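A look at the structure
Here is what each chain is made of, one letter per residue.
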Amino acid sequence: MLVSAKEMLQKARAGHYAVGQFNINNLEWTKSILLTAQECQSPVILGVSEGAGKYMTGFKTVAAMVKAMIEELNITVPVALHLDHGTYEGCYKCIKAGFSSIMFDGSSLPIEENLAKTKELVAVCEHLGLSLEAEVGSIGGEEDGVIGAGECADPNECKQVADLGVSMLAAGIGNIHGKYPDNWAGLSFETLAAIKEQVGDMPLVLHGGTGIPADQVKKAVSMGVAKVNVNTECQWAFQEATRKYIEAGKDLQGKGFDPRKLLAPGAEAIKATVKEKMELFGSVGKAND
Ligand code: 13P
């Protein structure tokens, strides 16, 4: 069932668990995530970066594929199709393509411009029944060409954005996309507490979910994080399983070169990673909450 992320995140916030956003890259990724969500009876958010959307030939292709797959696989759990780190133009393209949820990442803009564009998009999304994520304080590291310094968000700016009526707020608390450096200081729970103080019950989004120790994820969820984004970890799982298959020479045995066989271990590895994360986030069994 393709739905906006608004209600699922409000339920997660109230129930003290988080919904996972798993980024998709192709059909195998999408199928693995949807089947795991159904198996775990968990709500799920499929994240699509602008780069991944372009790779899959465009947002219209992505929306058509996801909608058809939900139907053909009989997926009954709530699924949101969400633009990840959208530009202003990208947001409108996804709205037009039929996405059910949008992220406008205005974190690199002056706060006045971020506020003005977010406000406009809140009105558009509200009118169409879509959820909108906004961002304050850039997430560190690089994702699909979006590079952030990783500063902690200013709680007052978070309040200004939250007051616009967004459905969820991504606020930097020392989190980074991709691999965390060995000297990473960990999440700033002080910043998270200060943000929560300002934004109340607003569902908060934790980007850079790959490699954050489980105890920190759980603490963040207990303090108001209702959505955790995971991308790199699924890529590593896919890569490792595919490498093993080829290194074992399985692609050279019988019809092991068949793409359906070649990609199967990677697809299974994604399923295992997604399941593990859903268990950690506490969303298993919450589909019909
Ligand atoms: P990771 O790649 O670090 O898991 O981050 C994903 C993310 O935040 C997508 O927006």
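So, a few notes on the structure that sits alongside this text. Just so it is clear, the structure is predicted and the values come from calculations on it, not from any experiment.

Once that is clear, we can look at the overall build of the protein. Counting its secondary structure elements, the protein contains 12 helices and 10 strands. Taken against the 2.2 N^0.38 rule, which gives 19 Å for 289 residues, the C-alpha radius of gyration of the protein at 18 Å falls within 12% of a compact globule. For the protein, the C-alpha atoms occupy an extent of roughly 60 × 45 × 35 Å along the three principal directions. Sorting the 289 residues of the protein into buried and exposed places 55% on the buried side. Within the protein, counting contacts between residues at least 6 apart in sequence, those at least 24 apart form 72% of the total. By element, 53% of the accessible surface of the protein is carried by carbon and sulfur atoms, the whole surface being about 12,700 Å². Positive and negative side-chain charges of the protein, numbering 27 and 36 respectively, have mean locations separated by a distance of 6 Å.

A word on the packing of helix α7 (residues 155–162) against helix α8 (residues 189–199). For the pair α7 and α8, interaxial distance at closest approach is 8 Å and the crossing angle is 35°. The interaxial crossing formed by α7 with α8 has right-handed handedness. Contact residues: P155, N156, C158, K159 and A162 in α7; A194, I195, Q198 and V199 in α8. Looking at the contact of α7 with α8, its residues break down into six nonpolar, two polar and one charged.

Let us look at the site of the ligand. Of all residues adjacent to the ligand, which total 15 residues, the nearest are D84, G178, G208, T210 and T232. One of the backbone nitrogen or oxygen atoms of G208 is found 2.8 Å away from an oxygen atom of the ligand. In the model, an oxygen atom of the ligand is placed 2.5 Å from a nitrogen or oxygen of the T232 side chain. Within the complex, 99% of the 310 Å² of free accessible area of the ligand lies under protein. Residue composition of the shell around the ligand, grouped by class: two nonpolar, 11 polar and two charged.

For the rest of this paragraph, the subject is the nonpolar core. By size, the foremost hydrophobic cluster in this structure holds 76 residues, and its most contacted members are F22, I24, I33, V48, F99, I102 and L169. Broken down by element, this core gets its largest block of residues, seven residues, from helix α4 (residues 59–72). Contacts of I33, omitting those with residues within four sequence positions, involve F22, N23, I24, V44, L46, I270 and V274. One finds M8, L9, Y17 and M168 within the second-largest nonpolar core, a separate group that totals 13 residues.

With that settled, consider the state of the cysteines. Using the criterion set out here, one finds zero disulfides in the structure. In this model C91 remains outside any disulfide bridge; the closest cysteine sulfur is found in C125, 7.2 Å from its own. Since its relative accessible area comes to 0%, C91 is described here as buried. Judged by its relative accessible area of 1%, C125 is buried.

In a regular helix each residue adds 1.5 Å, so 14 residues correspond to 20 Å; α4 covers 20 Å between its end C-alpha atoms and thus fits that length. The set of residues buried in α4 consists of F59, V62, A63, M65, V66, M69 and I70. In a view along the axis of α4, the buried residues occupy a sector of 165°, so they form one face of it. Within α4, the exposed residues directed more than 90 degrees away from the buried face are K60, E71 and E72. The elements touched by buried residues of α4 are α2 (27–40), β2 (44–49), α3 (50–55), β3 (79–84) and α5 (88–97).

About the cut-offs
- Residues numbered from 1 in each chain as written.
- Predicted model: local features only at pLDDT ≥ 70, side-chain atom pairs only at ≥ 80, totals over all residues.
- Heavy atoms only, no water.
- Helix = DSSP H or I, 4+ residues; strand = E, 2+ residues; numbered from the N terminus.
- Rg over C-alpha atoms; globule rule 2.2 N^0.38 Å.
- Buried < 20%, exposed > 50% of the residue type's maximum accessible area, 1.4 Å probe, protein only.
- Contact = heavy atoms within 4.5 Å.
- Areas by Shrake-Rupley, 256 points an atom, 1.4 Å probe, with all protein chains shown as cover.
- Lys, Arg positive; Asp, Glu negative; His and termini not counted.
- Charge placed at Lys NZ, Arg CZ, Asp CG, Glu CD.
- Axes fitted to C-alpha atoms, helices over the stretch in contact; angles between N-to-C directions.
- Left-handed = near helix turned anticlockwise from the far one by under 90°.
- Nonpolar A, V, L, I, M, F, W, Y, C, P; charged D, E, K, R; others polar.
- Near = heavy atom within 4 Å.
- Polar contact = N/O pair within 3.5 Å; in protein donor to acceptor, adjacent residues only side chain to side chain.
- Core = buried A, V, L, I, M, F, W, Y, C linked by side-chain atoms within 4.5 Å.
- Disulfide = S-S within 2.5 Å.
- Expected span 1.5 Å × (residues − 1).
- Arc of directions from axis to C-beta.

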